Amino acid sequence: MESILNRLDDRAGQQSTVSVAGAMDEIGNRSFGPLILLPALLVITPIGGVPGVPTLFAITILIFAVQVALGRDSLWLPHAIRNRSVENDSIHKATQKARPVASWLDSHTSERLTALTRRPAPRVAAVMVVLLCLTVPSTEILPFASLMPMSAIALLGLAITVRDGLLMALGLIAGAAGLIGGVWLLISY
């Protein structure tokens with residue numbers, strides 16, 4: 001995680017602004033991980049209790065997960081989003097604030113069970129994420145019930161980002177539990 005922050009910070013040092021496309025270039029083939037991790041984490045916060053927010057974020061995550069499940073090498077984003085830029089000072093401040101979290105993650109994760117992070121594992125994880133996203137609207141019946149599928153999605157996003165096969169296995173297990181819970185809520189209501 002710290003290496004990703006370093007690359008973003010370095011890019012910000014070379015330019016006055018950094019576009020979303022430029023940031024994705026720096027993150028590289030791990031860009032799918034943060035793109036599903038960050039929205040899922042937002043749903044896990046109190047903002048996830050606002051009706052409609054979990055479904056909105058699930059749709060956002062779904063757009064990226066479908067692309068990975070279909071085997072795209074680079075993720076498509078609309079030009080309006082790809083070309084959005086952030087001032088380099090904002091990038092520097094954000095990376096500095098994120099460093100303690102990145103350091104903690106780096107010290108508690110590692111490239112374990114790497115076979116579970118190489119192809120086709122990200123595609124399998126993406127299919128799981130798609131299925132979990134489809135359960136989110138039914139979980140909104142109960143406040144914060146979307147925590148289960150979104151927690152699994154966040155775990156899978158983190159596993160892909162840090163290339164940790166143990167986290168990938170745990171994310172797939174949590175995803176299966178989230179699917180069962182989502183289907184149960186759908187059937188029981």
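This text goes with the structure placed above it.
Bear in mind the structure is a predicted one, so any value in this text is a computation, not a measurement.

What counts and what doesn't
Residues numbered from 1 in each chain as written. Predicted model: local features only at pLDDT ≥ 70, side-chain atom pairs only at ≥ 80, totals over all residues. Heavy atoms only, no water. Helix = DSSP H or I, 4+ residues; strand = E, 2+ residues; numbered from the N terminus. Rg over C-alpha atoms; globule rule 2.2 N^0.38 Å. Buried < 20%, exposed > 50% of the residue type's maximum accessible area, 1.4 Å probe, protein only. Contact = heavy atoms within 4.5 Å. Areas by Shrake-Rupley, 256 points an atom, 1.4 Å probe, with all protein chains shown as cover. Lys, Arg positive; Asp, Glu negative; His and termini not counted. Charge placed at Lys NZ, Arg CZ, Asp CG, Glu CD. Patch = residues over 30% accessible without salt bridge, like charges linked within 9 Å, V, L, I, M, F, W, Y side chains within 5 Å. Salt bridge = Lys/Arg side-chain N within 4 Å of Asp/Glu carboxyl O. Expected span 1.5 Å × (residues − 1). Arc of directions from axis to C-beta. Polar contact = N/O pair within 3.5 Å; in protein donor to acceptor, adjacent residues only side chain to side chain.

Enquirer: Residues and numbers for the overall build of the protein, please.
Expert: When you go through the protein residue by residue, the secondary structure sums to nine helices and two strands. When the elements of the protein are put in sequence order from the N terminus, they spell out α-β-α-α-α-α-β-α-α-α-α. Its C-alpha atoms give the protein a radius of gyration of 17 Å, within 12% of the compact-globule value 16 Å for 189 residues. The 189 residues of the protein split such that 43% are buried. A fraction of 77% describes how many contacts in the protein between residues 6 or more apart in sequence connect residues 24 or more apart. As presented, the protein carries roughly 10,000 Å² of accessible surface, and 67% of it is formed by carbon and sulfur atoms. Of the charged side chains in the protein, 14 are positive and 12 negative; the average position of the first set lies 5 Å away from that of the second.

Enquirer: Tell me about a nonpolar patch on the surface, residues and numbers included.
Expert: Taken together, Leu113, Leu116, Leu166, Leu170 and Ile173 make up a surface patch of nonpolar side chains, about 440 Å² in accessible area. Here leucine 166 falls in the partly exposed class, since its relative accessible area comes to 34%.

Enquirer: Mind laying out the environment of phenylalanine 144, listing which residues take part and the relevant values?
Expert: Looking at where phenylalanine 144 falls in the secondary structure, it is placed in the loop between helix 7 (121-139) and helix 8 (147-162). Look at phenylalanine 144 and you get partly exposed, because its relative accessible area is 40%. Distance in space between the C-alpha atoms of phenylalanine 144 and arginine 7 is 35 Å, their sequence separation being 137 residues. Aside from chain neighbours lying at most four places away, what touches phenylalanine 144 is Thr45, Pro46, Gly48 and Gly49.

Enquirer: Got a sec to walk through the environment of threonine 17? Specific residues and values, please.
Expert: Structurally, the position occupied by threonine 17 is in strand 1 (residues 17-19). Once the C-alpha coordinates of threonine 17 and valine 50 are considered, the two residues, 33 residues apart in sequence, prove to be 33 Å apart. Not counting residues up to four positions away in its chain, the partners in contact with threonine 17 are Ser85, Val86, Glu87 and Asn88.

Enquirer: Before we move on, could you go through helix 1 (residues 2-14) and cite the residues and values that matter?
Expert: If you check helix 1, its first and last C-alpha atoms are 18 Å apart, about what 13 residues at 1.5 Å a residue would give, namely 18 Å. Listed in full, the buried residues belonging to helix 1 are Ile4, Leu5, Leu8, Asp9, Arg11 and Ala12. On an axial view of helix 1, the arc spanned by its buried residues comes to 160°, and they lie on one face. Facing away from the buried side of helix 1, by more than 90 degrees, are the exposed residues Gly13 and Gln14.

Enquirer: Provide a residue-level description of the side chain of threonine 161, including the pertinent values.
Expert: Along the chain, threonine 161 falls in helix 8. A distance of 2.7 Å separates the side chain of threonine 161 from the backbone oxygen of glycine 157, its partner in a polar contact.

Enquirer: Help me get a handle on helix 4 (residues 53-69), residues and values and all.
Expert: Along an α-helix, a turn takes 3.6 residues, which lines up residues three or four apart on a common side. Helix length check: helix 4, at 17 residues, gives a terminal C-alpha distance of 24 Å against a target of 24 Å (1.5 Å per residue), a fit within 8%. When helix 4 is considered as a whole, its buried residues turn out to be Val53, Pro54, Thr55, Phe57, Ala58, Ile61, Phe64, Ala65, Gln67 and Val68. Elements that come into contact with the buried residues of helix 4 comprise helix 3 (32-44), helix 7 and helix 8. Just past helix 4, the residue glycine 71 takes up positive phi, approximately 90°.

Enquirer: Describe unusual backbone geometry, with residues and values.
Expert: Notably, arginine 163 is not glycine yet its phi reads approximately 55°, a positive angle. Judged by its relative accessible area of 28%, arginine 163 is partly exposed.

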